[in-house]
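Listed below are the residues making up each chain.
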Amino acid sequence: MAIAQPAGEGQLAFADLPSGNYPLWRTRLLYGLSALTLVGMLLMLYTALFWAGTDAVQGHAQRIFYIHVSSYAGGSVAFFVTVVAGGLYLFTRQMKYDRLAVASVKVGLPLMTVTLVTGSAWARPIWNTWWTADPRLNAMAVMWLLYAAYMTLRGAIEHPDRRARFAAVYGILAFASVVYVFIVPRIRTDTLHPVVIGPSPNNPMANGEFEVRTDNHIGATMGIAMTWWCVASVVLLWWMVRLENAAARVQALKMRVLGTE
Amino acid sequence: MEGVTTPSNIEYMILGYAAAGVIMLLLVVSMVLRARRMRAEAEMLEKLAEDDKPEA
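Sequence positions are assigned chain by chain, starting from 1 and proceeding in written order. Ligands are numbered from 1 and chains lettered from A, in the order in which they are written. Side-chain atom pairs in this predicted model are given and counted only at pLDDT of 80 or more, local residue features only at pLDDT of at least 70, and totals for whole chains, interfaces and linings cover all residues.

## Structural notes on the overall build of chain B
Summing up its helical and strand segments, chain B has one helix and zero strands in all. We compute the radius of gyration from the C-alpha atoms alone; for a globule the expected value is 2.2 Å times N to the 0.38, where N is the number of residues. Its C-alpha atoms give chain B a radius of gyration of 26 Å, more than 25% over the compact-globule value 10 Å for 56 residues. The principal-axis extents of the C-alpha atoms in chain B amount to approximately 90 × 15 × 5 Å. Three classes are used. A residue is buried when 20 or more other C-beta atoms lie within 10 Å of its own, exposed when 12 or fewer do, and partly exposed in between, with C-beta atoms placed from the backbone. Counting over 56 residues, chain B shows a buried share of 14%. Put simply, DSSP marks the helices as runs of H or I at least four residues long and the strands as runs of E at least two long, and each gets a number from the N terminus on.

Here it is in structure tokens:
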């Protein structure tokens, strides 16, 4: 027979959990946004694959940048939510913020995986290698590992309050790696990685590697892709929070059935 | 652009988009499956809790 921990500080209290009966307008909004995201995906794919012109130097491989850069933006939105949720948890000690934090990492990590994988698919034809020891690439790999470790380490702490406190602090500190990934090609000259938006030390006069604001629909396509991935990140996060709430409710129900609440 | 030969590398573009699609699909499918499992577990536990209630 399973032995459940006795309820203590920070233990899941059944009465404090969301019932799962959310207001109808909120559920309708979530469904509406989800449908809009699906339609938006088609628009994003059409602009990225057909509407934007082909880059003269890089060919079709350049189109990977529309999802490579913008999935990073979407992942950053999710990881920023981890920071805010972590801060709110430390301030209020309410478990709903811990659930928001873990949900945001569960969404942000796959988005950053998209960034890593698509970057590799772009690097092969352009740099003639899938991966190289470049400061930007290394920083990205470290960032990905930090958030993967977040999930692993969370699972290693049993006490809910201690786990939430640890995760909040870790989530706030780990965001430094997201910022570093963004700024590294903007401050270092020893990186091969192009800066897609804005000037860089290697290309100070440019508006970005592909002259995103002026050239052949590239700027508009990048804007559409960025918007789509950020909205998709928020919609996925919303669903993920509901899942985390349901998981917490199931956990609390288990405790109640076992008579340990 | 004059003097530039645009490379033919569409297969890498397809690879990148396909990989992104697979990752996103896995995320969504895993969420749907988890939601189903949660619902089934919650229903079973609620039934168990009902059965355990002392009769009035």
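Here the narrative resumes, following the displayed structure.
## Section: the packing of helix H3 (residues 95–127) of chain A against helix H4 (residues 135–156) of chain A
Residues and elements named next belong to chain A. The contact between H3 and H4 brings their axes to 10 Å, and the two run at 150°. Here H3 lies roughly antiparallel to H4, going by the angle between them. Viewed along their axes, H3 and H4 form a crossing whose handedness is left-handed. Listed contacts from H4 to Val102, Val105, Gly108, Leu109, Met112 and Leu116 of H3 are Met140, Met143, Trp144, Tyr147, Ala148, Tyr150, Met151 and Arg154. For the contact of H3 with H4, a count of residues per class yields twelve nonpolar, one polar and one charged. To obtain each axis, a line is fitted to C-alpha atoms, and for helices this fit is confined to the stretch in contact; angles are then taken between N-to-C directions over 0 to 180 degrees. In this scheme, roughly parallel covers angles under 35 degrees and roughly antiparallel covers those over 145, while 65 to 115 is roughly perpendicular and the rest are oblique. For any helix crossing, the convention is left-handed if the near helix is rotated counterclockwise from the far helix by under a right angle, and right-handed if that rotation is clockwise. Our contact criterion uses C-beta atoms placed from the backbone: two residues qualify when those atoms are within 7 Å. Gly is placed with the polar residues, together with every amino acid not listed as nonpolar (Ala, Val, Leu, Ile, Met, Phe, Trp, Tyr, Cys and Pro) or charged (Asp, Glu, Lys and Arg).

## Observations concerning the interface of chain B and chain A
Of the residues lining the interface, 28 residues belong to chain B; the matching set on chain A comes to 30 residues. A per-class count over the side of chain B that touches chain A returns 20 nonpolar, four polar and four charged.

## As for unusual backbone geometry
All names here are of chain A. Phi at Arg93 is positive, roughly 60°, even though this residue is not glycine. In this fold, Arg93 is placed in the loop between helix H2 (65–92) and H3. Judged by local crowding, Arg93 falls into the partly exposed class, with 15 C-beta atoms found within 10 Å. At Asn128, a residue that is not glycine, the phi angle is positive and equals roughly 65°. Here Asn128 is to be found in the loop between H3 and H4.

## Describing H4 of chain A
Residues and elements named next belong to chain A. In this model H4 runs 31 Å from its N-terminal to its C-terminal C-alpha over 22 residues, within 8% of the 32 Å that 1.5 Å per residue would give. For H4, the full list of buried residues reads Arg136, Leu137, Ala139, Met140, Met143, Tyr147 and Tyr150. Buried positions along H4 lie against H3 and helix H5 (160–187). Here a helix's expected span is defined as the number of its residues, less one, multiplied by 1.5 Å.

## Digging into the nonpolar core
What makes a nonpolar core is a set of buried Ala, Val, Leu, Ile, Met, Phe, Trp, Tyr and Cys residues, with links drawn between C-beta atoms within 7 Å. In this structure, Ala101, Ala225 and Leu237 of chain A are the most contacted members of the largest nonpolar core, which totals 64 residues. Mapped onto this core, the elements with two or more residues apiece are helix H1 (24–51), H2, H3, H4, H5 and helix H6 (218–257) of chain A together with helix H1 (10–52) of chain B. A total of 16 residues in this core trace back to one element, the largest contributor, which is H3 of chain A. For Ala225 of chain A, the residues in contact, after removing those within four places along its chain, are Met44, Ala48, Tyr66, Ile67 and Ser70 of chain A. Core analysis: the next-biggest nonpolar cluster, separate from the first, contains eight residues, Ala248, Ala252 and Leu253 of chain A together with Met38 of chain B among them.

## Focus on H2 of chain A
The first and last C-alpha atoms of H2 of chain A sit 40 Å apart over 28 residues, in line with the 40 Å expected at 1.5 Å per residue. Within two residues after H2 of chain A, Arg93 of chain A carries a phi angle of roughly 60°, on the positive side.

## Side note on the confidence of the model for chain B
Atom-level detail of predicted coordinates should not be read off regions where pLDDT is low. The predictor attaches a confidence to each residue, called pLDDT, with possible values from 0 through 100. Looking at chain B as a whole, the pLDDT averages 88, with 91% of positions reaching at least 70. The ipTM value of the predicted complex is 0.87, and its pTM value is 0.88.

## Topic: the environment of Pro23 of chain A
Residues and elements named next belong to chain A. Along the chain, Pro23 turns up in the segment before H1. Look at Pro23 and you get exposed, because 8 C-beta atoms sit within 10 Å. A sequence separation of 131 residues divides Pro23 from Arg154, and the C-alpha atoms of the two residues are 31 Å apart.

## Comments concerning the environment of Ala42 of chain B
Summarising the element assignment, Ala42 of chain B is placed in helix H1. Along the backbone, Ala42 of chain B and Ile10 of chain B are 32 residues apart, and their C-alpha atoms lie at a distance of 48 Å. Look past the residues within four positions of Ala42 of chain B in its chain and what remains in contact with it is Ala246, Arg249, Val250 and Leu253 of chain A.

## Some details on the packing of H2 of chain A against H5 of chain A
For any two helices packed against each other, one specifies the inter-axial angle together with the distance between the axes. All names here are of chain A. Remark: H2 packs on H5, axes separated minimally by 8 Å, with the N-to-C direction vectors making an angle of 140°. Of the possible angle classes, the one that applies to H2 and H5 is oblique. Read as a crossing pair, H2 and H5 show a hand that is left-handed. For the pair H2 and H5, contact is made by Ser76, Phe79, Phe80, Thr82, Val83, Gly86, Gly87, Tyr89 and Leu90 and by Ala164, Ala168, Val169, Gly171, Ile172, Phe175 and Val178, respectively. Considering only residue class, the contact of H2 with H5 consists of eleven nonpolar, five polar and no charged.

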